[in-house]
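These are the residues of each chain, in order.
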Protein chains: 2
Amino acid sequence: MASQRGEGETTATPLEPADRERARAIPEAAVARLAVYLRVLSGMADQGVTAVSSEELSQAAGVNAAKLRKDLSYIGSYGTRGVGYDVEVLVSHIERILGLTRNHSVAVVGIGNLGHALANYGGFPGRGFPVTALFDVDPDLIGVPVGGIPVSHIDDITAVCLEREVSIGVIATPPPAAQSVCDRLVSAGVQCILNFAPVVLQVPDNVEVRKVDLAVEMQILSFHVARRADEAAHVSVGNNGLGVDGMVIRP
Amino acid sequence: MASQRGEGETTATPLEPADRERARAIPEAAVARLAVYLRVLSGMADQGVTAVSSEELSQAAGVNAAKLRKDLSYIGSYGTRGVGYDVEVLVSHIERILGLTRNHSVAVVGIGNLGHALANYGGFPGRGFPVTALFDVDPDLIGVPVGGIPVSHIDDITAVCLEREVSIGVIATPPPAAQSVCDRLVSAGVQCILNFAPVVLQVPDNVEVRKVDLAVEMQILSFHVARRADEAAHVSVGNNGLGVDGMVIRP
DNA sequence: CCGACTTTGTGCATGCGTTCACAAGCGGTA
DNA sequence: TACCGCTTGTGAACGCATGCACAAAGTCGG
């Protein structure tokens, strides 16, 4: 990856003007898929695969081949017609577009069950996201190392975040604390937040929030269960008047 | 799946024919938002609020008011013009559409850090999703109760899932095990899967999978960090020739 | 060197989701 | 009862994303 342009290059790779325009134009949905392609490609590279066609890659990523090619075209033309894509080349270009050539220091707030799990994830999946700070309010936790990092008190959040240049904050607190934690992160200069608390966060425009909401996910699945069950019931009604699990459906 | 529950139904509410057609037509994106509205409404109900306008609710849920009204219109017309919506009425209708009047037994596979966190979540956020089975391969874990449920061996997955009428399977295993676990869940009749493993699962058409992918979420945030930083650099170039963190940008 | 075959990259059409804007409907008031 | 102000519900326009289908461009065999 990466790219030693200039002289004192460390981690960050500046984008060429052409890339910059492209990055602006990439649809959000495509960005999410690029991350998936990247993982699949990394797996392939580990197994010694050097070239791949859009057809193969799309199957492995679980998407339409045309969609995959369009997604890749957003970041440039790095394939060879008649052949396919070079795995390494693709990996490095996706990493560059996703900003993975730069390190993103992560802070986890709320060291409960979930916070523990996150802190122990070990440098976070797909490295490049070192967890450098942990916060909680529980006095018994302060100073205790979790996953190698000692827990700081939440009141120190601003100082610690600034000092360790935290660029991504992860909220894993109970719901009532989430908004207040969020506000503190924002005032500490954190502009990207991953929220696990089942709360709709209010943030200024310049802050990006993504939420992972278990309750919502479960309820979406529940919706599909219900829909399926109901369709089945609808079909079976007229046969025996009974739904899928013996439930009586009114005529 | 499923089956033999007797006659006198306990929890499930069958949908009226009109509702059934509606349920089919609700866009996936709207379903996700309905779950959010439900949570906000529940919170309001707990605080004694009995009526709410689309404007208030949409603000609390962080969406456009028009979108909220359209989302609600998918499930029927339960508002009063000139007044707003009755909180309780709305709650019960959303619950019905999302299938929350029925209980969804949940199985968690992979009792590592994340699995522990999930099992201890305590009946899962927004009750209605009792965790009734836990699975792992580690002999030291088998039989040990986590969050009140003893861990079963993964080889017993089919029998246990059938017996406990599991309708939602949660995969929290290491990546290499995920597909195999998924296959076993499917053959045990589980039709809805929530996947935390960073793997693209291959499933038959009749199975619904939702994935929660931390790496992808982080990378999407990373993309935004990079885009922001790059825009900032682009602006500052021409001023002092330096990017955001003192990085040299070529002229 | 040429022609056949393969696979990319993309213009275009289609469909879905979001947003706007307004008529319809309801409660309150005189 | 008739009017007025407020809020819902929704038709219609718009914009984004997906999928199709094909020309462009490359490789490989002869």
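Residues numbered from 1 in each chain as written. Chains lettered and ligands numbered in written order. Predicted model: local features only at pLDDT ≥ 70, side-chain atom pairs only at ≥ 80, totals over all residues. Heavy atoms only, no water.

> Help me out: how do you make sense of the overall build of chain A in this one?
Looking only at helices and strands, chain A features 9 helices and 10 strands. Among the 251 residues that make up chain A, the fraction classed as buried is 50%. For chain A, the proportion of contacts with a sequence separation of at least 24, taken over those separated by at least 6, is 54%. For chain A, the computed accessible surface area is about 11300 Å², with 52% contributed by carbon and sulfur atoms. (Helix = DSSP H or I, 4+ residues; strand = E, 2+ residues; numbered from the N terminus. Buried < 20%, exposed > 50% of the residue type's maximum accessible area, 1.4 Å probe, protein only. Contact = heavy atoms within 4.5 Å. Areas by Shrake-Rupley, 256 points an atom, 1.4 Å probe, with all protein chains shown as cover.)

> Would you explain the sheet that holds strand 1 (residues 51-52) of chain A in this entry?
Hydrogen bonds along the backbone pair up the strands of a sheet, which may run parallel or antiparallel. Residues and elements named next belong to chain A. The strand order across the open sheet built from 3 strands is 1-3-2, with neighbouring strands paired in antiparallel fashion. Whereas interior strands pair on both sides, the edge strands pair on one side only; in this sheet they are strand 1 and strand 2 (79-80). For strand 1 and strand 3 (residues 84-86), the ladder comprises 2 bridges, and the chain directions are antiparallel. Following the sheet pairing, Val52 is matched in strand 3 by Tyr85. Along the sheet face, helix 5 (residues 87-97) touches strand 1 and strand 3 and points at about 70 degrees away from the line of strand 3. (Pairing = 2+ DSSP bridges. Axes fitted to C-alpha atoms, helices over the stretch in contact; angles between N-to-C directions.)

> What's the story with the protein's contact with DNA strand D in this structure? I'm lost.
In the vicinity of DNA strand D lie 24 residues, with A:Arg33, A:Lys67, A:Arg81, B:Ser54 and B:Tyr85 positioned nearest. When atoms of DNA strand D within 4 Å of the protein are split into backbone and base, the sugar-phosphate part holds 70%. The contact in question runs from a phosphate oxygen of DNA strand D to an N or O atom on the backbone of B:Ser54, over 2.5 Å. Here a phosphate oxygen of DNA strand D and a backbone polar atom of B:Gly79 are 2.9 Å apart. Broken down by secondary-structure element, the contributors of at least two residues to the surface near DNA strand D are helix 4 (65-75) of chain A together with helix 4 (65-75), strand 2 (79-80) and strand 3 (84-86) of chain B. Counting residues per element, the surface near DNA strand D draws most heavily on helix 4 of chain A, which supplies 4 residues. A class-by-class count of the residues in the surface near DNA strand D yields 6 nonpolar, 10 polar and 8 charged. (Near = heavy atom within 4 Å. Polar contact = N/O pair within 3.5 Å; in protein donor to acceptor, adjacent residues only side chain to side chain. Nonpolar A, V, L, I, M, F, W, Y, C, P; charged D, E, K, R; others polar.)

> Quick question: what am I supposed to make of unusual backbone geometry here?
One can expect most non-glycine residues to show negative phi and most peptide bonds to be in trans. For A:Glu165, which is not a glycine, the phi torsion comes out positive at approximately 50 degrees. Mapping A:Glu165 onto the fold places it in the loop between helix 7 (157-163) and strand 8 (166-171).

> When you look at the side chain of A:Asp71 in this model, what are you seeing that I'm missing?
All names here are of chain A. Inspection of the secondary structure assignment puts Asp71 in helix 4. In this structure Asp71 comes out as buried when scored by relative accessible area, which is 2%. At 2.7 Å, the side chain of Asp71 forms a polar contact with the side chain of Tyr37. Leaving out residues up to four positions away in the same chain, Asp71 has contacts with Ala30, Arg33, Leu34 and Tyr37.

> Looking at this structure, how should I read helix 8 (residues 175-187) of chain A?
Structural remark: α-helix, 3.6 residues per turn; residues separated by three or four positions point the same way. Residue and element names in this part refer to chain A. Within the span of helix 8, buried status applies to Ala178, Val181, Cys182 and Leu185. Buried residues of helix 8, seen end-on, are gathered within an arc of 110 degrees and therefore sit on one face of the element. Away from its buried face, by an angle of more than 90 degrees, helix 8 presents the exposed residues Pro176 and Ser187. Buried residues along helix 8 sit against strand 4 (105-109), helix 7, strand 8 and strand 9 (192-195). Where helix 8 terminates, the next one or two residues include Gly189, which has phi positive at roughly 95 degrees. (Arc of directions from axis to C-beta.)

> Quick question: what am I supposed to make of the protein's contact with DNA strand C here?
Close contacts around DNA strand C come from 26 residues, with A:Ser54, A:Tyr85, B:Arg33, B:Lys67 and B:Arg81 the closest. Expressed as a percentage, the sugar and phosphate content of the atoms of DNA strand C within 4 Å of the protein is 67%. Contacts to DNA strand C include A:Arg69, whose side-chain N or O atom sits 2.8 Å from a base nitrogen. B:Arg81 is positioned with one of its side-chain polar atoms (N or O) 2.8 Å from a base nitrogen of DNA strand C. Listing elements by their share of the surface near DNA strand C, those giving two or more residues are helix 4, strand 2 and strand 3 of chain A together with helix 2 (28-46) and helix 4 of chain B. Ranked by the residues each element gives to the surface near DNA strand C, the list is headed by helix 4 of chain B, at 4 residues. Per-class residue counts for the surface near DNA strand C are 7 nonpolar, 11 polar and 8 charged.

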